[in-house]
Amino acid sequence: MGYTLISATPSPYARKVRILLAEKGVPFTLQTEVPWESTTETPKYNPLEKLPVLIPDDGKPVYESHYILEWIEAKHPDPPMLPKDIDDRLFAKQVEVVADGICDALVLCFFEKQRGPGKESEPWKARQMRKVEGGLQALATWVDQSSSGKFLIGDSLTLADVAAGSVLGYMAVRWPDHPWMNKHPQLKKYWEGLDARESFASTRPSPQNIKDQIV
Ligand SMILES: N[C@@H](CCC(=O)N[C@@H](CS(=O)(=O)O)C(=O)NCC(=O)O)C(=O)O
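The model shown is predicted, which means the values in this text are computed figures rather than measured ones.

Secondary structure summary: the chain contains nine helices and four strands in total. Tracing the chain from N to C terminus, the helices and strands come up as β-α-β-α-β-β-α-α-α-α-α-α-α. Radius of gyration (C-alpha) of the chain: 17 Å, near the 17 Å computed for a compact globule of 215 residues. Over its C-alpha atoms, taken along the principal directions, the chain stretches across nearly 50 × 45 × 25 Å. With 215 residues in all, the chain has 49% of them scored as buried.

Quick look at the site of the ligand now. Neighbouring the ligand are S11, Y13, P35, W36, E49, K50, L51, P52, E64, S65 and V107. Here an oxygen atom of the ligand sits 2.5 Å away from a polar atom, N or O, in the side chain of S65. Burial of the ligand by the protein chains amounts to 87% of its free accessible area of 540 Å². Counted by class, the shell around the ligand contains six nonpolar, two polar and three charged residues.

Moving on: the UniProt feature "domain: GST C-terminal" (unreviewed entry) in the chain. UniProt annotation of "domain: GST C-terminal" (unreviewed entry) refers to residues 85–215 when read in the numbering used here. Taken end to end, residues 85–215 comprises 66% helix and 0% strand; its first and last C-alpha atoms sit 44 Å apart.

Looking now at the UniProt feature "domain: GST N-terminal" (unreviewed entry) in the chain. When the UniProt feature table is mapped onto this chain numbering, "domain: GST N-terminal" (unreviewed entry) sits at residues 1–80. Between the first and last C-alpha atoms of residues 1–80 the distance is 24 Å; the span itself is 34% helix and 19% strand.

By domain assignment, the chain separates into domain 1 (3–75) and domain 2 (86–201). Just the C-alpha atoms count here: the centres of domain 1 and domain 2 sit 20 Å apart. Residue-level contacts link 13 residues of domain 1 with 20 residues of domain 2. Surface buried jointly by domain 1 and domain 2 totals about 1,500 Å² across both partners, of which 60% is contributed by carbon and sulfur atoms. When the buried surface of domain 1 facing domain 2 is broken down by residue, Y13, R15 and I19 rank first, second and third, together holding 36% of it. For the salt bridge of K93 with E70, the shortest nitrogen-to-oxygen distance reads 3.6 Å. Across the domain 1-domain 2 interface, the total number found is eight residue pairs in polar contact (both at pLDDT 80 or more). Breaking the side of domain 1 that touches domain 2 down by element, the ones donating at least two residues are α1 (12–23) and α3 (65–75). With seven residues, the single largest contributor to the side of domain 1 that touches domain 2 is α1.

For the rest of this paragraph, the subject is the packing of aromatic side chains. Per the counting criterion, the structure on display carries six aromatic pairs. Ring geometry for W36 and F111: centres 4.4 Å apart, planes at 55°, overall tilted. Residue W36 is found in the loop between β2 (28–32) and α2 (42–45), and its partner F111 is found in helix α4 (residues 86–113); the two are separated by 75 residues along the sequence. The exposure class assigned to W36 is partly exposed, which follows from its relative accessible area of 35%. Take F111: its relative accessible area is 12%, and that puts it in the buried class. Seen from their ring centres, W180 and W191 are 5.7 Å apart, and the 70° between their planes marks the pair as edge-to-face. Here W180 is found in helix α7 (residues 180–183), whereas its partner W191 is found in helix α8 (residues 185–195), with eleven residues between them in sequence. For the pair formed by W180 and W191, the shared burial category is buried. A network of ring pairs unites the aromatic residues W36, F110 and F111 as a single cluster. In this arrangement the basic side chain of R174 is found over the ring face of F110, its NZ or CZ atom lying 4.6 Å from the centre.

Thresholds, definitions, all that
The written sequence of each chain sets the order in which its residues are numbered from 1. Given that the model is predicted, a residue must reach a pLDDT of at least 70 before its local features are reported, and side-chain atom pairs must reach 80 or more before they are shown or counted; all residues, however, enter totals for whole chains, interfaces and linings. Computation of side-chain values covers all heavy atoms of the structure but excludes hydrogens and water. Only DSSP runs of H or I with at least four residues qualify as helices, and only runs of E with at least two residues qualify as strands; both kinds are numbered from the N terminus onward. Put simply, the radius of gyration uses C-alpha atoms, and a globule should come to 2.2 Å times the residue count raised to 0.38. Partly exposed residues are those whose accessible area sits between 20% and 50% of the maximum for their type, while under 20% is buried and over 50% is exposed, using a 1.4 Å probe and protein chains only. Being near a molecule or strand, for a residue, comes down to having at least one heavy atom within 4 Å of it. Pairing of N or O atoms within 3.5 Å defines a polar contact, subject to two protein rules: one partner must be a possible hydrogen donor and the other a possible acceptor, and residues neighboring in sequence count only if both atoms are side-chain atoms. Note that accessible areas follow from Shrake-Rupley with a 1.4 Å probe, and for residues the cover is restricted to the protein chains shown. Charged residues are taken to be Asp, Glu, Lys and Arg, nonpolar residues to be Ala, Val, Leu, Ile, Met, Phe, Trp, Tyr, Cys and Pro, and polar residues to be all remaining types, Gly included. UniProt positions are given in the numbering used here, feature names are shortened, and annotations may be inferred rather than shown by experiment. Domain ranges listed in this record stem from an automatic or a database domain assignment. The contact rule is simple, with two residues in contact once any of their heavy atoms fall within 4.5 Å. Here the quantity called buried area is the accessible surface, traced with a 1.4 Å probe, that two parts lose on coming together, added over both. We define a salt bridge as a contact between a side-chain nitrogen of Lys or Arg and a carboxyl oxygen of Asp or Glu at a distance within 4 Å. Two aromatic rings, drawn from Phe, Tyr or Trp (for Trp, its six-membered ring), form a pair once their centres lie within 6.5 Å of each other, and the interplanar angle then sorts them: stacked below 30 degrees, edge-to-face above 60, tilted otherwise. By definition, being over a ring means that NZ of Lys or CZ of Arg is both within 6 Å of the ring centre and within 35 degrees of the ring normal.

Here's what the structure looks like:
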């Protein structure tokens, strides 16, 4: 039967998993949902009611994207997507922390805007966008410091690039007016290089329509 991945069309977290499985040539069934709606199956598999959720043949669900990536790397070690050097491995995880943190701040800001005019908290939105700016600056600095400019660690794709590329793709789709590409031209060039890969090109995010009242 193989793996099933519960995903959502805009999800940058799920996209990391989709890219990693594609890069490792691991087949899976994509189950696309809107986790915000009552029809979602996510709560059946994750007590935190969040996707992505990877469901292996044994039916024991794996959830939380950074853990899913760790799980896949352990079960399907070839081709390796983490460097051998321990400090480089830890750096790759730090990049994922920053990339996921940018996503978290963007999601919080997105739903604050759903509260409607007069109900949105400007200080709260400003706080979240400060995290986005700081995170993007960190990614831009790491790209500038990288030896290849094409990958964050060494001269091949690692989990760091999967995480960084996924959040940059999310920005491009969900925040198309954000000036990050002008502010960080090297980061834009880095992202364009990643986005040309088949694993990225075949998993680009797209908006979803949320019918239920969320906030
Ligand atoms: N930290 C989680 C975040 C996952 C997450 O927030 N998923 C969203 C969907 S999406 O933002 O990725 O599109 C979700 O399921 N939200 C439902 C909920 O929070 O109840 C991870 O990395 O897996």
